[in-house]
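Chain residues, written in single-letter form:
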Amino acid sequence: MTTTPAPEATVPAPSAPTATATAIPTSAPAPAPVRPGPPPRPRPLAVLAATGASTAALLLLVALGTVLHHPLLIPPLAASMALVAASPDLPLSQPRSLIGGQLLAALAGFAVLAVAGPGLWSAAVAGGLALGVMMLARAPHSPAAATAVIVALEAPPFWTFTGLLLTSCLLLVAVGLLAARAGRRRYPAYWF
């Protein structure tokens, strides 16, 4: 008996890719992260306006603090003024953050003071609590944490301290507005 060979199995030739075929993207190596450099050199007029405005605002705050017997409020407000004068575009410098952050931090300090009394431990808790409250209110202002610390350390009279703080914050915003006009900058980027 003779056997006939089985037909050979044929494998279809690979077809050329068509226009409708989807190409698998190849990943290129990720670019190296760019390290930020120092900020650009400020214009001389902007430096002069920021320096003059900060000095004038702080002298006014010293006078106000001396008259009302609250000179310890000067350090956090000096930091606030530095933000407003030197970096008026930052969210931390805007009136919402400056005024809201300072007042919320003071309230956090008074709340801790009411529960735990004055002292270093209370001051630490007040500073941390102030940060959380400011974040929740979307009014971050880092110098305000020092305001909460001052309240928890010194136990100032609520209404006098809060009134002075509000007046001082409004003064800083007003000086920031004047400095921005003099330095041909825009401040604030937003109010609330």
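What you are looking at is a predicted structure, and each value in this text was computed from that prediction instead of being measured.

Reading the values: the criteria
- Residues numbered from 1 in each chain as written.
- Predicted model: local features only at pLDDT ≥ 70, side-chain atom pairs only at ≥ 80, totals over all residues.
- Heavy atoms only, no water.
- 1 Å grid on protein atoms, 1.4 Å probe; cavity = no way out; pocket = protein on both sides within 12 Å on 5 of 7 lines; lining within 4 Å.
- Points joined across faces, edges and corners; volume = space filled by probe spheres on them.
- Helix = DSSP H or I, 4+ residues; strand = E, 2+ residues; numbered from the N terminus.
- Nonpolar A, V, L, I, M, F, W, Y, C, P; charged D, E, K, R; others polar.

### Some remarks on the layout of surface pockets
For step 1, the next point in the chain: Considered as a void within the structure, the largest pocket measures approximately 220 Å³ in volume.
For step 2, the next point in the chain: For the largest pocket, the full set of lining residues is Pro 39, Pro 40, Arg 41, Pro 42, Arg 43, Ala 46, Ala 50, Ala 85, Ala 86 and Arg 185.
For step 3, the next point in the chain: Breaking the lining of the largest pocket down by element, the ones donating at least two residues are α1 (44-67) and α2 (74-86).
For step 4, the next point in the chain: Class assignment for the residues of the lining of the largest pocket results in seven nonpolar, no polar and three charged.

### So, empty space enclosed by the protein
For step 1, the next point in the chain: Enumeration over the complete set of coordinates arrives at two cavities of 30 Å³ or more.
For step 2, the next point in the chain: Considering only enclosed or pocket space, the largest cavity measures out at about 70 Å³ in volume.
For step 3, the next point in the chain: What lines the largest cavity is Ala 46, Ala 49, Ala 50, Val 84, Ala 85, Pro 88, Gly 176, Ala 179, Ala 180, Gly 183, Arg 185 and Tyr 187.
For step 4, the next point in the chain: Among the secondary structure elements, those contributing two or more residues to the lining of the largest cavity are α1, α2 and α6 (158-182).
For step 5, the next point in the chain: Grouping the constituent residues of the lining of the largest cavity by class yields nine nonpolar, two polar and one charged.
For step 6, the next point in the chain: A volume near 30 Å³ is recorded for the second largest cavity.
For step 7, the next point in the chain: Taken together, Leu 61, Gly 65, His 70, Leu 73, Ile 74, Leu 77, Leu 164 and Ser 168 make up the lining of the second largest cavity.
For step 8, the next point in the chain: Secondary-structure elements contributing two or more residues to the lining of the second largest cavity are α1, α2 and α6.
For step 9, the next point in the chain: Taken together, the residues that form the lining of the second largest cavity break down as five nonpolar, three polar and no charged.

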